[in-house]
Amino acid sequence: MYLLQKSLFSFEEWLEIEPSERLELFFSALDLQPYAAKLRNSSPQGAKPINREAVLRAFLAAPLEGISTFTKLHKRLVSDLRFRYQCGFRLDEPAPSIATLSRVFKAVVDKDLAKALFIDLVSQCKEAGIIDGSHLAIDSTAVGAYEKKQPKSRSQETGNANWGAKYDTFGNKLTWFGYKIHLAVDTSSELPVALEVTPAHVYDGEMAIPLMKDVVENYGWKVKYVMMDAGYDQVKNYEAARGYGAQAIIALNKRGEKEPPAGMASDGTPRCSMGYDMVYWGADGDRLKFRCPHAVGKVGCPLGTAACSDSNYGMVVKKSITDDVRRYANPHRNTRGWIALYKERTSVERCNSRLKENLTANDTHVHGIEKVTTYVYLNAIVLLASALAMNTTASSLKTA
């Protein structure tokens, strides 16, 4: 039996903590000094050095406080002394200028520090038992661009924002100019473990393999299941998951689907000689077993088991997942176990929602895919650091 796990981390409970207390707890979970040390001081010679660690703190506090621009962040640091102090700036010195914030952000982008911190925090969450890592869910979400809209042909030349399109639940076509955030999420904690940002026109199905590769190469985890919606229903994604020792749980995309071979339902279930779907009866590794539906009491066949077998046990058919990696899975497609696993895919939808609605991933004010990627990483880092802070607080209360 595969049970849907309750999230190990509640971001909603985290947001209920009083803001100033929450920020203090948040920073207690972060050691930014090693990352700040990698930032070169880009100030002119003779100028006072920038407190780079404090700027990094401000960059991470911004999404948590709903601050999406350098201008708003500068104003908050000027007007809110407590906030400035909690970020690590001295109160007897002026807050960093907008230009300074922008310059340090560019250095973070150039050195790819946000991704390095993200990977480090994912590993810390795994070590703390917050992230399980064996069940992943993959999906994408649209974000707009703070850039001038251009024709699709010209946008493709830049590699930055482009036009994307998708259909809503009512079949209406929605278009936007911007990017896509592609996420791999740990389903037990609903925390991101890998992400990619692409122009909006990039097809979802092309990004599953890079995300799975990132998880395996960055962390070396043993992944058991990877859940994805019908947009990822491509043979190469099933094969890639198997290559990493995992089972892909993907909804079938029946658009343009041909009739299945004779003697088989569309989900891969064999049919008996009387045309009934046989009953899945468990698996032994890659070998799936199906039994006569009359013999197990699922249908009342007019010929009984005699139609296909001399035994009261009824006919048995065995299939190997390797016969058709798209249709066959362990557990078999559309069984209770498979459905329970597929429901875990909603964890990535909730993670996307938190990034866009509770944080600022949907309000980018930087130009170009590299800066947007760093901006999204900073938002994802907030989720991870928040989980670590909550976990440390809970542990402290237990030992008190």
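These numbers come from a predicted model, not from an experiment.

Visitor: Looking at this structure, I do not really get helix H7 (residues 98-110). What am I missing?
Guide: Owing to its 3.6 residues per turn, the α-helix brings residues three or four apart onto one side. Between its first and last C-alpha atoms H7 spans 18 Å; for 13 residues at 1.5 Å apiece the expected length is 18 Å, and the two agree. Downstream of H7 by a residue or two, Asp112 has a phi angle that is positive, lying close to 55°.

Visitor: Can you help me understand unusual backbone geometry in this one?
Guide: Trans peptide bonds make up most of the peptide bonds, and negative phi angles are found at most residues other than glycine. In the segment running from Asn330 into Pro331, the intervening peptide bond is cis, with an omega of 5°. With respect to the helices and strands, Pro331 occurs in the loop between strand E9 (316-320) and helix H12 (336-343). Residues other than glycine seldom take positive phi values, yet Glu190 does so here, at roughly 60°. Positionally, Glu190 belongs in the loop between strand E3 (173-186) and strand E4 (191-199). Take Glu190: its relative accessible area is 7%, and that puts it in the buried class. Look at Asn334: it is not a glycine, yet its phi comes out positive at around 70°. One can find Asn334 in the loop between E9 and H12.

Visitor: Where do I start with the packing of aromatic side chains in this structure?
Guide: According to the stated counting rule, one finds nine aromatic pairs in the structure shown. Pairing Trp338 with Tyr342 gives two aromatic rings, centres 5.4 Å apart and planes at 5°, and the pair type is stacked. Here Tyr342 and Trp338 lie together in helix H12, a separation of four residues that amounts to about one turn. Taken together, the ring pairs connect Phe59, Phe70 and Phe105 into an aromatic cluster. Sitting over the face of the ring of Trp281, Arg291 holds its NZ or CZ atom 4.8 Å from the ring centroid.

Visitor: I'm lost on the pattern of salt bridges in this one. Help?
Guide: A side chain of one charge can pair with a side chain of the opposite charge if their charged atoms are brought near each other. Taken as a whole and judged by the stated rule, the model has 18 salt bridges. Residue Arg327 is joined to Asp324 by a salt bridge in which the shortest nitrogen-to-oxygen separation is 3.5 Å. Judged by its relative accessible area of 22%, Asp324 is partly exposed. In the salt-bridge network here, residues are joined through shared partners; they are Glu12, Glu190, Arg350 and Arg354.

Visitor: What exactly am I supposed to notice about a nonpolar patch on the surface here?
Guide: On the surface, Leu81, Tyr85 and Leu91 cluster together to form a nonpolar patch covering roughly 340 Å² of accessible area. Within the secondary structure layout, Leu91 lies in the loop between helix H6 (81-87) and H7. Using a relative accessible area of 45% as the deciding quantity, one classes Leu91 as partly exposed.

Visitor: Which parts of the structure should I look at to understand the pairing of strand E8 (residues 287-291)?
Guide: Note on strand geometry: in a regular strand, side chains alternate between the two faces of the sheet. Here strand E7 (residues 279-284) runs beside E8; their pairing, made up of four bridges, is antiparallel. The residue bridging Tyr280 from the neighbouring strand is Phe290, located in E8. Taking the residues between adjacent antiparallel strands as the criterion, E7 and E8 are bridged by two residues, where Gly285 takes a positive phi near 65°. One ladder, built from five bridges, connects E8 with E9; its direction is antiparallel.

Visitor: For this particular structure, what's the right way to read the side chain of Asn352?
Guide: Tracing the sequence through the fold places Asn352 in helix H13 (residues 346-358). What Asn352 contacts, discounting residues up to four positions off in sequence, is Asp139, Ser140, Thr141 and Leu183.

Visitor: Mind showing me how you'd approach the confidence of the model for the protein here?
Guide: Should the pLDDT be low somewhere, the predicted coordinates at that spot are not to be read in detail. Mean pLDDT for the protein: 90, with 93% of residues reaching 70 or above. In this model, residues 1-6 is a region of pLDDT below 50 whose contacts with residues beyond four sequence positions or in other chains number 11 contacts.

The rules we used
- Residues numbered from 1 in each chain as written.
- Predicted model: local features only at pLDDT ≥ 70, side-chain atom pairs only at ≥ 80, totals over all residues.
- Heavy atoms only, no water.
- Helix = DSSP H or I, 4+ residues; strand = E, 2+ residues; numbered from the N terminus.
- Expected span 1.5 Å × (residues − 1).
- Buried < 20%, exposed > 50% of the residue type's maximum accessible area, 1.4 Å probe, protein only.
- Phe/Tyr/Trp six-rings, centres within 6.5 Å; stacked < 30°, edge-to-face > 60°.
- Lys NZ or Arg CZ within 6 Å of the ring centre and 35° of its normal.
- Salt bridge = Lys/Arg side-chain N within 4 Å of Asp/Glu carboxyl O.
- Patch = residues over 30% accessible without salt bridge, like charges linked within 9 Å, V, L, I, M, F, W, Y side chains within 5 Å.
- Areas by Shrake-Rupley, 256 points an atom, 1.4 Å probe, with all protein chains shown as cover.
- Pairing = 2+ DSSP bridges.
- Contact = heavy atoms within 4.5 Å.
- pLDDT = per-residue confidence, 0-100.

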